[in-house]
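Observations on the model geometry
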Amino acid sequence: TYVRFYARTALSTSRHHNQSLASSPGALAVLSRRNGDPGLTLDTMRRMLGGATAAITLVAGSLLISTPAQAAPACTVEPLTTTCVFQYSGSAESWTVPSGVVEVAADLYGAQGGSVASFTIGGNGGRATSPLSTTPGAQLWLNVGGSGSSVPGRDGELTPASGGFNGGGNGGGGAFQCRGAGGGGATDIRTASGQIADRLLIAGGGGGSANGIDGNGPFFGGGGGGLVGQTGGSDTGGGSGGNQTGGGSGLLGEGSSGTPTGGFAGGAGGGGGGYYGGAGGKDLFGSGTTSYGGGGGSGFGPATTAYETGVRVGNGEARITYPTVTLSDFTAASVTHTSASLSITVNPNGRVSLPVQIRYGTDPASLTSVFDLAPLSGSAPTSQSIPLTGLAPETSYTFEAFVPGDSTTEPIRGEFTTSATPIPPDPDPEPEPEPEPEPQPESNPTPKPDPDIAPKPDPKPAPSATPVMASRNQPGSLAHTGAPNWALWTLVPFAAIAAGGVIMTRGRTRNEAR
């Protein structure tokens, strides 16, 4: 028969918080025990929490544990890659995979085990690095291991030194209140469920050192990391390192506590956390004379994982690296009174189906108009054009490009101002008057009389030499009228011929004709 305890998130703000099977926010772990097995008690749960400030409430068979606030990672953006670093905080931290990121490079360091004064040193934490496949927008949980508690030597304390956050085992008690140090916690990445069974990558923590007076090798904790952690202290009495099956080592995800000693021996060191935690140190053969350090926890990961053993001093650390998006050459062109054309260059740098959004408006603090580019993929720069219409004349606009779901890609901005509304042409214009032609000079101008000069009288005509047929006193004759007879000069001869009269010759006088 199994008795089940449903334990929600086992977290603490304590530096020495130890996370066990139910070990991340939102997880609902099922913890079981068989009849006759002491199993999981409330006191055991408090020990796994390190006696810290997490609130524990038992309600209708459910163990509810409050969750402290999360710390944000520090991210460094380089031209090609962005790296986010998660430091120890004493609790699990969530991280959302940025837009378009389908793979990250993870680099984890487990925490060091605790030391006793300056003469026995805890084992260093291990390292695990590997690429991990990811889903854009998915949530991951990171648990960064904390160092095991160190002790100053013979401090008179009876309470065992606690193991570090995320699986470090407690140190053992010893004679004359000489306690062993706690094991270091592991560092891991988990899927959105946060459960211990869903760990993707693990770097083991180092084992805690034993409390001895002569500083010999048997007192040191074993290094964490690798598929198998280092044995603590010595091959005979030190806690064995964690492995991939749990045989002879600590528990799943948790180092075991150092064995309490009697007689004159100091306390043994706790095992380091890991995929399987390291075993706690022992009082060899129960002699009460010598105790040993705890073993280091084991690492875990996909086949691509590279491991290093015993390389990290102090608290653990987690690094996640992914491609950086480049946004550049964001400009406005072809600006009229109601339209404009924006252009931008985007380099997804290996991301897939990357969304890029353009926002614009007249208020720089609130850009309400949105334009979505088609999702982009690949590792080469690509130019994009964005037409803007329906703009207001003589108005300043701010435009911005950013990547939704990626807080580490800095938006870029620009501005432009539309032109004035052009004046339309007159639909029925009045014809312009034609210019008057300039007067042209006459070829043979007639002289105009001078008004200041009096006109001379016409001279009397000279007597005509042309004979006439009319009598002297006949009305209408030349003699009667006295008018010039230049026209008759020509006509009279022809008339005379027609009448059969005398042909007159030029030069005859009027008397001769008669």
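A quick note: this is a predicted structure, and the numbers were derived from the prediction, not measured.

1. Some words on the overall build of the chain
Summing up its helical and strand segments, the chain has four helices and 21 strands in all. Each of the 514 residues in the chain was classed as buried or not, and the buried ones make up 44%. For the chain, the accessible surface area stands at approximately 25,700 Å², while carbon and sulfur atoms represent 55% of it.

2. What to know about unusual backbone geometry
Even without a glycine there, the phi angle at asparagine 166 is positive, about 80 degrees. Mapped onto the fold, asparagine 166 is located in the loop between strand E10 (139-143) and strand E11 (187-190). For aspartate 329, which is not a glycine, the phi torsion comes out positive at approximately 50 degrees. Structurally, aspartate 329 is set in strand E15 (residues 326-333).

3. Some points on the state of the cysteines
The final tally for this structure, using the stated rule, is one disulfide. Here cysteine 75 pairs with cysteine 84 through a disulfide, and the sulfurs are 2.1 Å apart. In this structure, the disulfide formed by cysteine 75 and cysteine 84 twists by about 105 degrees around the S-S bond and is classed as right-handed. We classify cysteine 75 as partly exposed; its relative accessible area is 32%.

4. Thoughts on the pairing of strand E6 (residues 81-87)
Across the seven residues that make up E6, a large majority, five, are buried. The sheet contact formed by strand E5 (residues 74-77) and E6 spans four bridges and is antiparallel. Its bridge partner being in E6, valine 77 is matched across the sheet by threonine 82. Hairpin connection between E5 and E6: a loop of three residues separates the two successive antiparallel strands. Where E6 lies against strand E14 (residues 317-323), seven bridges are found, and the strand directions are antiparallel. Each residue of the ladder has a partner; that of threonine 83, found in E14, is threonine 321.

About the cut-offs
- Residues numbered from 1 in each chain as written.
- Predicted model: local features only at pLDDT ≥ 70, side-chain atom pairs only at ≥ 80, totals over all residues.
- Heavy atoms only, no water.
- Helix = DSSP H or I, 4+ residues; strand = E, 2+ residues; numbered from the N terminus.
- Buried < 20%, exposed > 50% of the residue type's maximum accessible area, 1.4 Å probe, protein only.
- Areas by Shrake-Rupley, 256 points an atom, 1.4 Å probe, with all protein chains shown as cover.
- Disulfide = S-S within 2.5 Å.
- Pairing = 2+ DSSP bridges.

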